[in-house]
Amino acid sequence: MHREAYCRRKCFMGVNDMPISSSSISGRTDSCSDWTGSFSRTSRSSHSEDRSKMASLGCFLRTGKNAVSVVLRREFSKTPPAAVQVNVRDALNQAMDEELERDERVFLLGEEVAQYDGAYKVSRGLWKKYGDKRIIDTPITEMGFAGIAVGAAFAGLRPICEFMTWNFSMQAIDQVINSAAKTYYMSAGAQPVPIVFRGPNGSSAGVAAQHSQCFAAWYGHCPGLKVVSPWNSEDARGLLKAAIRDDNPVVFLENELMYGVPFDLSEEVMQKDFVVPIGKAKVERQGTHITLVSHSRCVGFCLDAATVLAKEGVECEVVNLRTIRPLDVDTIEASVMKTGHLVTVEGGWPQYGVGAEICARVMEGPAFNYLDAPAVRVTGVDIPMPYAKILEDHSVPQIKDIIFSVKKVLNM
Amino acid sequence: CRSCTRGAASMVASSRSYADFTPEATFDIKKVDLHRLEEGPPLTATLTREEGLKYYRTMQTIRRMELKADQLYKQKIIRGFCHLYDGQEACAVGIEGGITLSDHLITAYRAHGYTLTRGGTVREIMAELTGRRGGIAKGKGGSMHMYTKNFYGGNGIVGAQVPLGAGVALACKYLGNDQLCVSLYGDGAANQGQIFETYNMSSLWKLPIIFICENNQYGMGTSVERSSASTEYYKRGDYIPGLRVDGMDVLCVREATKFAADHCRSGKGPILMELQTYRYHGHSMSDPGVSYRTREEIQEVRSKSDPISMLKDRMLSNNMASIEELKEIDIAVRKEIEDAAQFATTDPEPPLDDLCSHIFANDQPFEVRGATPWTKLTSTS
């Protein structure tokens, strides 16, 4: 991962379906700097201005023919008038900053988190403010520093252990599972482990197979862990605060392509003690005909699909899981019992995945009797992630896949 | 050979106490091999009568406790993994003699001896082995997962405990409490990559950690010559100063540990000790321990280097205790073990209500899926 390429990659990821000419690519690259800095979506302007603005919304992944009108009409969430616009990266940064200030036992370690300001700039400014003791650069030794982080948690500190991406956590997965997740149980409550493991998860843009895996299902499988997957800035801020304040190991799955995306945050959300409870999903959009359950970046796709489908008279209810483990089955069931139809949407692979678990739970619970059609999953394609853009675009769920699946389930 | 000079040991002549015993004596101890150190621990160790009796009793307790565990395992009252520590008692007892209970310690799965020296009782250790509710981990952990204050187990994954120990040491430095962490591993684990990662970070950040390699010559069925390109484990830390110590002599271990502790507490960063020791049992209860080594070898160590015998001989030949007194201790220990075994075999198993508890700390109770969708269990903190 290179700093320069980081910016470029995001710009490429704009518009999946639309044919991309090389000129428009360079156009996007030029306007890349627009959104790495502060990005404001202010008053409505002309169609062509919006189009160029949209082109520079690199990591929004607004796709499809109606992308422009989608942008014009989009609502991120139904919050009261915004106090401030914050992107996901800054939301995470502020959350860590506030928690570092609040509790002296909290500290951050990982590769490049200190003097580099973070590989993805999530920890920008923290080392300058808190110094070497609390923001620690580690060598490239995941198994070692994850173990050190867990040991520090044993001894009463509250570490935040960053994996540069969750792909590298595989080097350290024994420490996450066997040393962190299981210890409170094995010790019959004598030894709590208040640790947060965080980092970007899932597919990015052009980083190929070894750097694109989604670990929600892997970690979501294990008792003793809490696993969260924020979508927007409110999620990121509130869940990270909750995770740091939690006395248990929390796997915090971020998404690189969401880091630069701004969202409106209300005054309430900007309060220092604002937390999003772990284990509670959020209904981002009310609907009546079908339930879409998703997490992380795919929530945005679901909302976009919902907007498109609304024009055909289909009202989708979009559930943002926020937490993978423990799964908020109650919210999912209530929604399915209302709509009678279910489509799950995730970036990870289908086999033994998050969607599979949701479907199984719905089968085993009261909501099954309310289903008018089998529940289906929209997932990443069951292959290692290819590199070429056209192949990569076809390896991840797209908005058209969601729309297609909804129509199939509704027999339209 | 590991024997020290006994009869010729220098004595501190002092007035006789009421018991007519020598209150204190100084013994020559084996010279320690040094790596990147100008000076090592002293060549003599002073032992008081009280210390001697304490070390004797603790080592004997560990010995008898492990032998009882052997017995209970063969009776199938203990099941699963059981890795016994008999032969290595001088390590656990000597280390504890060089640190305090406010220091920290972590080891691998051959942990029963450490659980005792770190404050656990024989009763709760044995009841954990038999999986009863009175066990030190309420029956949830078993042989490899026992914890006490400032003792972080008992760890089943070979080598994983070493970075954990460095994390504990990091916390000590972070909190500025002048404490240190002893992080133990065996000759088998000594080749683990994560241990070298830990050497690196501990040295970079000058963590107050004492790495201790308990070299009992065999990693399961593999002798050190067959597993390690370099068997000089005290040098494997490379830039970390190291000591190779006679792990069968409790005084050697104690003096080396004191030396290492001083090194850490003076802010110099990590230090590495290799304790040359021996286990009488096989790797675990499923290993007879004689397919990869000879019975003669085991017998030779028992007769020439047994840690308890060595201490006993020292004390007797210096009139620090009488044979009767030591025999009384033996009897008391035997009784303690018997009582503990009795408790461990009669205490009830954990209640089924406990099945799902202790998943999360400080949390509301929550539902846990049982084996079927209709089995709804509850987890409490």
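Residues numbered from 1 in each chain as written. Chains lettered and ligands numbered in written order. Predicted model: local features only at pLDDT ≥ 70, side-chain atom pairs only at ≥ 80, totals over all residues. Heavy atoms only, no water.

An unreviewed UniProt entry lists chain B under the name Pyruvate dehydrogenase E1 component subunit alpha, with Oncorhynchus mykiss given as the organism. For chain B, the Subcellular location (unreviewed entry) comment in UniProt is given as "Mitochondrion matrix". Entered under Function (unreviewed entry) in the UniProt record, the comment concerning chain B runs "The pyruvate dehydrogenase complex catalyzes the overall conversion of pyruvate to acetyl-CoA and CO(2), and thereby links the glycolytic pathway to the tricarboxylic cycle." (UniProt positions renumbered as here; feature names shortened; annotations may be inferred.)

The name given to chain A in an unreviewed UniProt entry is Pyruvate dehydrogenase E1 component subunit beta, with the source organism recorded as Oncorhynchus mykiss. Word for word, the UniProt comment on chain A under Subcellular location (unreviewed entry) is "Mitochondrion". Quoted verbatim from the Catalytic activity (unreviewed entry) heading of the UniProt record, the comment on chain A is "N(6)-[(R)-lipoyl]-L-lysyl-[protein] + pyruvate + H(+) = N(6)-[(R)-S(8)-acetyldihydrolipoyl]-L-lysyl-[protein] + CO2".

The feature "domain: Dehydrogenase E1 component" (unreviewed entry), as given by UniProt, occupies residues 57-351 of chain B in the numbering adopted here. Between the end C-alpha atoms of residues 57-351 of chain B there is a gap of 35 Å, over a span that is 46% helix and 11% strand. (Helix = DSSP H or I, 4+ residues; strand = E, 2+ residues; numbered from the N terminus.)

Next up on the list: the nonpolar core. General note: in soluble globular proteins, nonpolar side chains tend to be found buried as a group. Counting residues in hydrophobic clusters, the biggest one holds 74 residues, and the most contacted among them are Phe163(A), Phe197(A), Tyr219(A), Leu225(A), Ile358(A), Leu170(B) and Tyr185(B). Counting residues domain by domain, this core receives three or more from each of domain 2 (84-265) and domain 3 (282-409) of chain A. For Ile358(A), the residues in contact, after removing those within four places along its chain, are Val293(A), Leu321(A), Leu327(A), Ile332(A), Leu342(A) and Thr344(A). (Core = buried A, V, L, I, M, F, W, Y, C linked by side-chain atoms within 4.5 Å. Buried < 20%, exposed > 50% of the residue type's maximum accessible area, 1.4 Å probe, protein only. Domains from an automatic or database assignment. Contact = heavy atoms within 4.5 Å.)

So, on to the interface of chain A and chain B. Counting residues at the interface gives 42 residues for chain A and 35 residues for chain B. Taken over both partners, the interface formed by chain A and chain B buries close to 3,400 Å², and the fraction arising from carbon and sulfur atoms is 68%. Only β2 (106-110), β3 (135-137), α8 (142-154), α9 (173-181) and α10 (183-186) of chain A provide two or more residues apiece to the side of chain A that touches chain B. Split by residue class, the side of chain A that touches chain B holds 18 nonpolar, 14 polar and ten charged. (Buried area = accessible area lost by both parts, 1.4 Å probe. Nonpolar A, V, L, I, M, F, W, Y, C, P; charged D, E, K, R; others polar.)

This part covers the UniProt feature "domain: Transketolase-like pyrimidine-binding" (unreviewed entry) in chain A. Mapped onto this numbering, the UniProt entry annotates "domain: Transketolase-like pyrimidine-binding" (unreviewed entry) at residues 86-261 of chain A. The span residues 86-261 of chain A shows a helical share of 36% and a strand share of 16%, and its end C-alpha atoms are spaced 8 Å apart.

The subject of this paragraph is the packing of aromatic side chains. The tally for this structure, following the rule as stated, stands at 16 aromatic pairs over all chains. On the basis of an interplanar angle of 90° and a centroid distance of 5.0 Å, the ring pair of Tyr199(B) and Phe211(B) is categorised as edge-to-face. Taken together, the residues Tyr199(B) in helix α6 (residues 193-204) and Phe211(B) in strand β6 (residues 209-215) connect sequence positions twelve residues apart. Taken individually, Tyr199(B) and Phe211(B) each receive the classification buried, so the pair is uniform in this respect. A ring pair is formed by Tyr218(B) and Tyr292(B), whose centres lie 5.3 Å apart and whose planes are at 50°; its orientation type is tilted. Of this pair, Tyr218(B) sits in strand β7 (residues 218-219) while Tyr292(B) sits in the loop between β10 (271-276) and α9 (295-305); the two residues are 74 residues apart in sequence, bridging distant segments of the chain. Relative accessible area serves as the criterion here: at 9%, Tyr218(B) is assigned to the buried category. Through a chain of ring-to-ring contacts, three or more aromatic side chains come together here, namely Phe145(A), Phe163(A), Trp166(A), Phe197(A), Phe215(A), Trp218(A) and Tyr219(A). When the ring centre of Tyr174(B) is taken as origin, the NZ or CZ atom of Lys133(A), which lies over that ring, is 4.5 Å away. The cationic tip of Lys226(A) hangs over the ring face of Phe360(B); the distance from NZ or CZ to the ring centre is 4.7 Å. (Phe/Tyr/Trp six-rings, centres within 6.5 Å; stacked < 30°, edge-to-face > 60°. Lys NZ or Arg CZ within 6 Å of the ring centre and 35° of its normal.)

In this section: the packing of helix α1 (residues 49-74) of chain B against helix α10 (residues 307-317) of chain B. All names here are of chain B. At a closest axis distance of 10 Å, the pairing of α1 and α10 adopts a crossing angle of 155°. Between α1 and α10, the interaxial angle falls into the category roughly antiparallel. Handedness of the α1/α10 crossing: left-handed. On the side of α1, the interface is formed by Arg49, Gly52, Leu53, Tyr55, Tyr56, Met59, Gln60 and Arg63, while α10 contributes Pro307, Ile308, Leu311, Lys312 and Met315. Among the residues making up the contact of α1 with α10, the classes are represented as eight nonpolar, two polar and three charged. (Axes fitted to C-alpha atoms, helices over the stretch in contact; angles between N-to-C directions. Parallel < 35°, antiparallel > 145°, perpendicular 65-115°, else oblique. Left-handed = near helix turned anticlockwise from the far one by under 90°.)

A few words now on the sheet that holds β6(B). Residues and elements named next belong to chain B. The sheet built from six strands is open, its strands ordered β2-β9-β10-β6-β5-β4 with mixed pairing. Each of the sheet's edge strands pairs with one partner strand only, and the pair in question is β2 (33-35) and β4 (104-106). Along the sheet, successive strands turn relative to each other by an average axial angle of 20°, direction set aside. Where β4 meets strand β5 (residues 181-186), three bridges bridge the pair, whose relative direction is parallel. Its bridge partner lying in β5, Leu105 is registered against Val182. The strands that α6 touches are β5, β6 and β10; relative to β6, the one it contacts most, it runs at about 150°. (Pairing = 2+ DSSP bridges.)

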